[in-house]
Amino acid sequence: MEQKVVLITGCSSGIGLSLAVHLASDLSKAYKVYATMRNLDKKQHLLESVTGLHRDTLAILQMDITDQHSILAAQRSITEGRVDILVCNAGVGLMGPLEVQSEDTMRGILEVNLLGTIRTIQTFLPDMKRRKHGRILVTGSMGGLQGLPFNEVYCASKFAVEGVCESLAILLQHFNIHVSLIECGPVNTNFLRNLTKTELSDVSVEVDADTRSLYEMYLHHCQKMFQNAAQDTDDIVQVFLEVIQSPCPLFRYYTNSALLPLSSLKLTALDGSQYIRAMSKLIFSVENADTPK
Ligand SMILES: NC(=O)c1ccc[n+]([C@@H]2O[C@H](COP(=O)([O-])OP(=O)(O)OC[C@H]3O[C@@H](n4cnc5c(N)ncnc54)[C@H](OP(=O)(O)O)[C@@H]3O)[C@@H](O)[C@H]2O)c1
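Remember, it's a predicted structure, so these values are computed and weren't measured experimentally.

Caption draft 1: Structural view of the sheet that holds strand 2 (residues 31–37). In space, the seven strands of this open sheet follow the order 3-2-1-4-6-7-9, with parallel pairing throughout. Each edge of the sheet is formed by a strand with only one pairing partner; in this case those strands are strand 3 (58–62) and strand 9 (252–254). Neighbour-to-neighbour, the strand axes of this sheet turn through a mean angle of 20°, independent of strand direction. Note that strand 6 (residues 134–141) and strand 7 (residues 177–184) share eight bridges and pair parallel. For Gly140, the partnering residue across the bridge sits in strand 7 and is Glu183. Strand contacts of helix 1 (residues 14–24): strand 1 (4–8), strand 2, strand 3, strand 4 (85–88) and strand 6, with the helix running at about 155° to strand 2, the strand carrying the most contacts. Running at roughly 175° to strand 4, helix 4 (residues 103–131) makes contact with strand 4, strand 6 and strand 7 of the sheet.

Caption draft 2: Seen up close, the site of the ligand. In the region of the ligand, 30 residues are neighbours, and Gly10, Gly14, Ala90, Gly91 and Phe191 sit closest. Elements supplying a minimum of two residues to the shell around the ligand: helix 1, helix 4, strand 6 and helix 6 (191–194). Here the shell around the ligand gets three residues from one element, more than from any other, and that element is helix 1. Along the lines of polarity and charge, the residues of the shell around the ligand split into eleven nonpolar, 16 polar and three charged.

Caption draft 3: Structural view of the UniProt feature "active site" (unreviewed entry) in the protein. Those places that UniProt annotates as "active site" (unreviewed entry) correspond, in this numbering, to Tyr154. For Tyr154, the position within the fold is in helix 5 (residues 152–172). Residue classification places Tyr154 among the buried residues on the basis of 24 C-beta atoms within 10 Å.

Caption draft 4: The arrangement of the pairing of strand 2 in detail. A large share of strand 2 lies buried, amounting to seven of its seven residues. Burial along strand 2 is two-sided: Tyr31, Val33, Ala35 and Met37 facing one way and Lys32, Tyr34 and Thr36 facing the other are all buried. Looking at chain direction, strand 1 and strand 2 are connected through five bridges and run parallel. Its bridge partner being in strand 2, Val5 is matched across the sheet by Lys32. In the classification by handedness, the crossover that spans strand 1, the intervening helix 1 and the parallel strand 2 is right-handed. As defined by bridge partners, strand 2 adjoins strand 3 across five bridges and the pair is classed as parallel. In the sheet register, Tyr34 faces strand 3, and the bridge partner there is Ala59.

Caption draft 5: Spatial organisation of the nonpolar core. If you look at the biggest cluster of nonpolar residues, it comprises 41 residues, and the most contacted ones within it are Val6, Ile8, Ala20, Val33, Ala35, Leu86 and Val87. With seven residues, the single largest contributor to this core is helix 1. Setting aside its immediate chain neighbours within four residues, Val33 contacts Val6, Ile8, Ala20, Leu23, Ala24, Thr57 and Leu58. Judged by nonpolar contacts, the second largest core, of 16 residues, contains Ala74, Val153, Cys155 and Ile283.

The rules we used
Each chain has its residues counted from 1, running along the sequence as written. With the structure being a predicted model, the display of local features is reserved for residues of pLDDT at least 70 and the display and counting of side-chain atom pairs for 80 or more, all residues being used for whole-chain, interface and lining totals. A pair of strands is considered paired only if DSSP assigns at least 2 bridges between the two. Labels follow the DSSP assignment, with helices taken as runs of H or I lasting at least four residues and strands as runs of E lasting at least two, numbered in each case from the N terminus. To get an axis, fit a line to the C-alpha atoms, keeping to the stretch in contact for a helix; angles then go from 0 to 180 degrees between the N-to-C directions. This entry defines residue contacts through backbone-placed C-beta atoms, with two residues in contact when those atoms are within 7 Å. Throughout this description, a residue near a molecule or strand is one whose C-beta atom, derived from the backbone, lies within 6 Å of it. Charged means Asp, Glu, Lys or Arg here, nonpolar means Ala, Val, Leu, Ile, Met, Phe, Trp, Tyr, Cys or Pro, and polar covers whatever is left, Gly included. UniProt positions are given in the numbering used here, feature names are shortened, and annotations may be inferred rather than shown by experiment. Once C-beta atoms are placed from the backbone, each residue is buried if 20 or more other C-beta atoms lie within 10 Å of its own, exposed if 12 or fewer, and partly exposed for counts between those two. The crossover handedness rule: strands pointing away from the viewer, path from first strand over the helix to second strand clockwise, crossover right-handed. Throughout this description, the term nonpolar core refers to a group of buried Ala, Val, Leu, Ile, Met, Phe, Trp, Tyr and Cys residues whose C-beta atoms join them within 7 Å.

Written out as structure tokens, the structure reads:
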């Protein structure tokens, strides 16, 4: 059977790397994986993670999703001349009080998470439409479904991606192209280490005392969430595989059902009040906060 050509963004680490390794290691060689990353100096980790040589199932390409030339160059390097499964996974985080974020920092997040995702889809969509065949998988986030304090811009970018994908999904069913969002909760990757985070120890950060104390509570909550509920990338890869192998994939998949009840409060009380109260209680109430003194 003809190999399915898969292109994945953000394969230098985390979810993208694990998915690339898994698909490229498929024993039946069902996939030809184009693992892309913005900085090829980081390819060693991926190469060390694939056992044996994968010349016929894996190629590594440079691709920065903020740079259209780089996306087009990657597209031209695909020897099969097509992508059957496009995985928009690359993303960056931003954490801290909104009022201290610079315009450049905020633009940087939107540039990668929103415009980068759109740019990537735009590039590969015309050919998928022409061939009336394709799958677009996007790494989504609970932060794209529910607001999280101190993650306003990150959530804005991921909410926006939801809007792009939902809108496209309606249209693209007429072209036999399936769009799916894989909604992740906390995952053990480099994400937290890589994100742009406001450090309270930074003397140039001017923020009022109440916000400072709430931010400390949030950081503590976040640390607990990652300790108690973070999934491994292998768990996430299993969900991606379910989507890839499904004859008719759904629009949304949730990797961590433990996080769903909070999100569903938005549907039970459409005015938003229940969700906001519950999330606030979860993060900021004294008994849950367990803040170090
Ligand atoms: N980990 C979590 O808790 C979590 C939860 C929900 C959703 N997600 C989503 O999962 C996706 C993958 O993140 P991860 O957890 O695997 O974190 P990660 O290990 O930090 O991986 C992020 C990847 O995106 C790449 N990237 C960043 N900017 C890029 C750009 N301009 N062009 C191309 N690639 C770029 C990074 O490359 P560099 O190495 O060059 O920076 C890296 O390969 C993201 O979309 C994130 O929002 C993660």
